[in-house]
Structure formats: structure tokens, C-alpha cells
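# Observations on the three-dimensional arrangement
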Amino acid sequence: MPRTPLFVLHILDGRHEMTVTRLKRADDAFTLHYTITPPLPDSGSEPPLVPVLEARDDLGNTYDDRGGAYGTAPDGSHTDGSLTAYPALAPDAHTLRARVIFIQGGQEAAYDMTLGIRR
């Protein structure tokens, strides 16, 4: 049974949909997993499209992205990705305000979302 998405964003001038599928905690970080449909095109001769994550919880703690990974699904239907941010989520935080910024060739497009944090 597929999971209910945590958040859905229409990105890149509405041409793509980014679905945040999971927020995974670790001892030193957390990771947002996402899919983008239709898949992002291969950069080819274009500058690569780089996603960056900035976040703040309801307690005022800030979290910074240290890179992520993405690639087209084997069936070519979407792009899978993840963004990992440090440090670990505060144990008493209830919500996370996140901004995903896509950077390409010196241009940026930013998208905001608020996620509930499960314990």
C-alpha cells in the first residue's frame, strides 16, 4: 500500500510535481525523500539542476542541507531524490518549515512547505 505523501509542490514553472514521500530521522541528521514527475531531464549541455534544503523547526533550530542524491527511476517515470540536513531534528520539535531551492545556471527557484514531525 503506497504511503500518503507528506507534501506536494508544483515546481519549475508548474512543469513538474515534487512529492515529499518520507522524512527519515537519524542520530545526526534527517533526510527528506521525494519524487519528481515527470522526471527531470538529463542536463546534457545545460548546467545541472541542484536542489538545496534549508529548514527551521517550531523551536527555532535551523538545519542545513549537505547535499542530496537523485536520479531517474529505472522505468523512466519519475526522478527519485533525497536531501539530508544536519543536525538531527530536535526531539521536542513538532513542525518543520522547509525551503527547497533549485539552482541552475545561477538562477534559483524556491518552494516552501511545512511538515508535521512524528515522534
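Residues numbered from 1 in each chain as written. Predicted model: local features only at pLDDT ≥ 70, side-chain atom pairs only at ≥ 80, totals over all residues. Heavy atoms only, no water.

### Quick notes on the overall build of the protein chain
Secondary structure summary: the protein chain contains 0 helices and 8 strands in total. Listing every helix and strand of the protein chain by position from the N terminus yields β-β-β-β-β-β-β-β. Summarising its shape, the C-alpha atoms of the protein chain cover approximately 45 × 40 × 25 Å along the three principal directions. For the protein chain, buried positions account for 35% of its 119 residues. Contacts in the protein chain between residues far apart in sequence, at least 24 positions, make up 53% of those at least 6 positions apart. (Helix = DSSP H or I, 4+ residues; strand = E, 2+ residues; numbered from the N terminus. Buried < 20%, exposed > 50% of the residue type's maximum accessible area, 1.4 Å probe, protein only. Contact = heavy atoms within 4.5 Å.)

### Here we look at the side chain of Ser82
Within the element layout of this structure, Ser82 appears in strand E6 (residues 79-86). In contact with Ser82, not counting residues within four places along its chain, are Thr31, Leu32, His33, Tyr34, Gly68 and Ala69.

### Quick notes on the pairing of strand E2 (residues 16-25)
The pairing of strand E1 (residues 7-11) with E2 spans 5 bridges and is classified as antiparallel. Paired with Leu9 across the bridge in E2 is Met18. Adjacent in sequence and paired antiparallel, E1 and E2 are bridged by 4 residues, among which Leu12 carries a positive phi angle near 50°. The sheet contact formed by E2 and strand E3 (residues 30-37) spans 8 bridges and is antiparallel. By the bridge assignment for E3, Glu17 is matched with Thr37. (Pairing = 2+ DSSP bridges.)

### Considering the sheet that holds E2
The antiparallel open sheet is built from 8 strands, whose spatial order is E1-E2-E3-E6-E5-E4-E7-E8. Edge positions in the sheet fall to E1 and strand E8 (107-116), since each of these pairs with one other strand and no more. Pairwise comparison of adjacent strand axes, ignoring direction, gives a mean angle of 25° for this sheet. (Axes fitted to C-alpha atoms, helices over the stretch in contact; angles between N-to-C directions.)

### Observations concerning unusual backbone geometry
Across the junction of Thr37 and Pro38, the peptide omega takes the value -15°, indicating a cis bond. On the secondary structure map, Pro38 appears in the loop between E3 and strand E4 (50-57). Omega for the peptide link from Tyr86 to Pro87 comes to -5°, which places this bond in the cis form. Checked against the element boundaries, Pro87 lands in the loop between E6 and strand E7 (95-104). Backbone geometry places Leu12, a non-glycine residue, at a positive phi of 50°. With phi around 60°, Asp13 is a residue other than glycine that occupies positive phi space. Relative to the helices and strands, Asp13 is located in the loop between E1 and E2.

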